[in-house]
Amino acid sequence: MARKKLSIYLRTQRMRWCLSQEELGLLLGMTKSAVSRFETEDCPPSLRLVIATEVIFGAHASEAFPALYGRIQDEVMRRAGKLDTRLRKQSGKVAERKRALLSNMVHRAEL
């Protein structure tokens with residue numbers, strides 16, 4: 001699903017701004033055929049592509065790649081839950097600081 005969203009987003013934005021695959025490739029630092037592979041779902045997005053797309057089109061990764069962003073967020077939040085369970089057995093300022101970070105993560109995820 002994330003790859004489908006990627007292809008739709010890239011193609012839609014490229015066409016919205018009247019860019020050819022070659023021109024978008026130039027902006028992304030890749031070939032026309034690489035852009036085509038992303039648009040046809042033959043290639044998963046790289047971190048470089050996500051950041052470059054944000055720079056070019058001005059959309060945050062969570063907006064540009066909602067399925068991919070959501071999947072990664074869910075994975076990180078599951079791991080945060082495991083860390084929270086471990087931190088419940090600890091006390092002190094360091095443990096409090098770590099719990100504050102986890103709390104901030106949950107808050108941002110709920111927005």
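See the structure shown above.
For clarity, every value in this text was computed on a predicted model and none was experimentally measured.

Caption draft 1: Quick look at a nonpolar patch on the surface. Judged by side-chain polarity, Leu47, Ile51 and Val55 come together as a nonpolar surface patch covering roughly 330 Å² of accessible area. Residue position: Leu47 is located in helix H4 (residues 47-57). You can call Leu47 exposed: its relative accessible area is 63%.

Caption draft 2: Structural detail: the side chain of Gln21. Considering the arrangement of structural elements, one finds Gln21 in helix H2 (residues 21-28). Its relative accessible area of 17% is what places Gln21 among the buried residues. At 2.8 Å, the side chain of Gln21 forms a polar contact with the side chain of Glu39. Those residues in contact with Gln21 that sit more than four places away from it in its chain are Arg14, Lys32, Val35, Ser36 and Glu39.

Caption draft 3: View of the packing of H2 against helix H3 (residues 32-39). As a packed pair, H2 and H3 sit with axes 8 Å apart at the nearest point and diverge in direction by 100°. When the axis of H2 is compared with that of H3, the two are roughly perpendicular. Residue-level contacts link Gln21, Glu22, Leu24, Gly25 and Leu28 of H2 to Lys32, Val35, Ser36 and Glu39 of H3. Tallied by class, residues from the contact of H2 with H3 come to 3 nonpolar, 3 polar and 3 charged.

Calculation criteria
- Sequence positions are assigned chain by chain, starting from 1 and proceeding in written order.
- Restriction of local features to residues with pLDDT of at least 70 applies here, the model being predicted, together with a cutoff of 80 or more for giving and counting side-chain atom pairs; totals for whole chains, interfaces and linings are based on all residues.
- Side-chain metrics rest on all non-hydrogen atoms present in the structure, leaving aside hydrogens and water.
- Patch definition: residues with relative accessible area over 30% and no salt bridge; like charges joined within 9 Å; nonpolar side chains (Val, Leu, Ile, Met, Phe, Trp, Tyr) joined within 5 Å.
- In this description, accessible areas are obtained by the Shrake-Rupley approach with a 1.4 Å probe, and a residue is regarded as covered only by the protein chains that are shown.
- Any carboxyl oxygen of Asp or Glu within 4 Å of a side-chain nitrogen of Lys or Arg constitutes a salt bridge here.
- Every helix listed is a DSSP run of H or I at least four residues long, and every strand listed is a run of E at least two residues long, numbered separately from the N terminus.
- The cut-offs for exposure are 20% and 50% of the maximum accessible area for each residue type, with area from a 1.4 Å probe on protein chains only; residues under the lower value are buried, those over the upper are exposed, and the others partly exposed.
- What qualifies as a polar contact is a pair of N or O atoms within 3.5 Å, subject to a donor-acceptor requirement within protein and to the restriction that residues adjacent in sequence count only when both atoms come from side chains.
- Residue contacts are defined here by distance: any two heavy atoms, one from each residue, within 4.5 Å place the two residues in contact.
- Here, axes are lines fitted to C-alpha atoms. For helices the fit covers the stretch in contact, and angles between N-to-C directions go from 0 to 180 degrees.
- Any angle that falls under 35 degrees is termed roughly parallel, while one over 145 is termed roughly antiparallel, one within 65 to 115 roughly perpendicular, and all others oblique.
- Polar here means any residue other than Ala, Val, Leu, Ile, Met, Phe, Trp, Tyr, Cys and Pro, which are nonpolar, and Asp, Glu, Lys and Arg, which are charged; Gly is therefore polar.

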